[in-house]
Structure formats: structure tokens, C-alpha cells
Amino acid sequence: MQQHWLTRPDTIRKLWRVFIAVLAVTVAAEFFIEHEAHFGIDGAFGFNAWYGFTTCAAMIVVAKLIGLVLKRPDTYYGERDD
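Residues numbered from 1 in each chain as written. Predicted model: local features only at pLDDT ≥ 70, side-chain atom pairs only at ≥ 80, totals over all residues. Heavy atoms only, no water.

**Q** So what exactly am I meant to see when it comes to the overall build of the protein here?
**A** Looking only at helices and strands, the protein has two helices and zero strands in total. For 82 residues, the compact-globule estimate of 2.2 N^0.38 gives 12 Å, and the C-alpha radius of gyration of the protein, at 22 Å, exceeds that figure by more than 25%. Seen through its principal axes, the protein has C-alpha atoms that stretch 70 × 45 × 10 Å. The 82 residues of the protein split such that 6% are buried. If you sum the accessible surface of the protein, you get close to 8000 Å²; carbon and sulfur atoms cover 67% of it. (Helix = DSSP H or I, 4+ residues; strand = E, 2+ residues; numbered from the N terminus. Rg over C-alpha atoms; globule rule 2.2 N^0.38 Å. Buried < 20%, exposed > 50% of the residue type's maximum accessible area, 1.4 Å probe, protein only. Areas by Shrake-Rupley, 256 points an atom, 1.4 Å probe, with all protein chains shown as cover.)

Here it is as C-alpha cells:
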């Protein structure tokens, strides 16, 4: 059986290149588009890129911590010993 196109190594490599190119174009657009800073720090170069990355990383860490709190043992839904 043939692999799904999203699991092929060359497709994954191409997707990474496309995503990096889109990010680079987005950050480079800040040279040409003038925007007004509302809170001071949001006027920093590349703010949206690093803020998005930091927020995404923080959400992953919080989700992992919540998973540790809510995790149940493998036998949680097993048979009862009544």
C-alpha cells in the first residue's frame, strides 16, 4: 500500500520549506508596511513572529502540564473487582 502524501519524507521537507518561506516573507514585509505600536513592545521588529512562536510554545507546555494532572492509569476503565 502506498504512503499517504503527507507522510512522505520529501513532502514533509517541501512543506517545511514553504512554511519557512512564508514566515520569512511575513517578517520581511515589516520593512515595507508601516504599523502603529499600541503597547510599545508591539512596535519591535518581528514582534508578531516571535510572539506567535512564544505563545504556541507556552500553550504546548500548559497542555502537557494539564495532561499530567488529568492523566488516568491505563486500567482506569478496566473491569471492577466487586
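**Q** How should I be thinking about the side chain of aspartate 42 in this particular structure?
**A** Relative to the elements of secondary structure, aspartate 42 occurs in the loop between α1 (9-28) and α2 (47-70). Here histidine 38 takes part through its backbone nitrogen, which lies 3.1 Å from a polar atom of the side chain of aspartate 42. Discounting chain neighbours no more than four positions away, the residues touching aspartate 42 are His35, Ala37 and Phe47. (Polar contact = N/O pair within 3.5 Å; in protein donor to acceptor, adjacent residues only side chain to side chain. Contact = heavy atoms within 4.5 Å.)

**Q** It is not clear to me how a nonpolar patch on the surface should be interpreted in this structure. Could you clarify?
**A** On the surface, a cluster of nonpolar side chains totalling about 550 Å² of accessible area is made up of Phe31, Phe32, Ile33 and Phe45. Here phenylalanine 45 lies in the loop between α1 and α2. On the basis of relative accessible area, phenylalanine 45 is assigned to the partly exposed category, the value being 47%. (Patch = residues over 30% accessible without salt bridge, like charges linked within 9 Å, V, L, I, M, F, W, Y side chains within 5 Å. Salt bridge = Lys/Arg side-chain N within 4 Å of Asp/Glu carboxyl O.)

**Q** I tried to follow the side chain of threonine 11 on my own but got confused; where do I start?
**A** Here threonine 11 is to be found in helix α1. With relative accessibility at 13%, the residue threonine 11 sits in the buried group. Only 3.0 Å separates the side chain of threonine 11 from the backbone oxygen of tryptophan 5, close enough to count as a polar contact. Setting aside residues no more than four positions away along its own chain, threonine 11 makes contact with Trp5 and Leu6.

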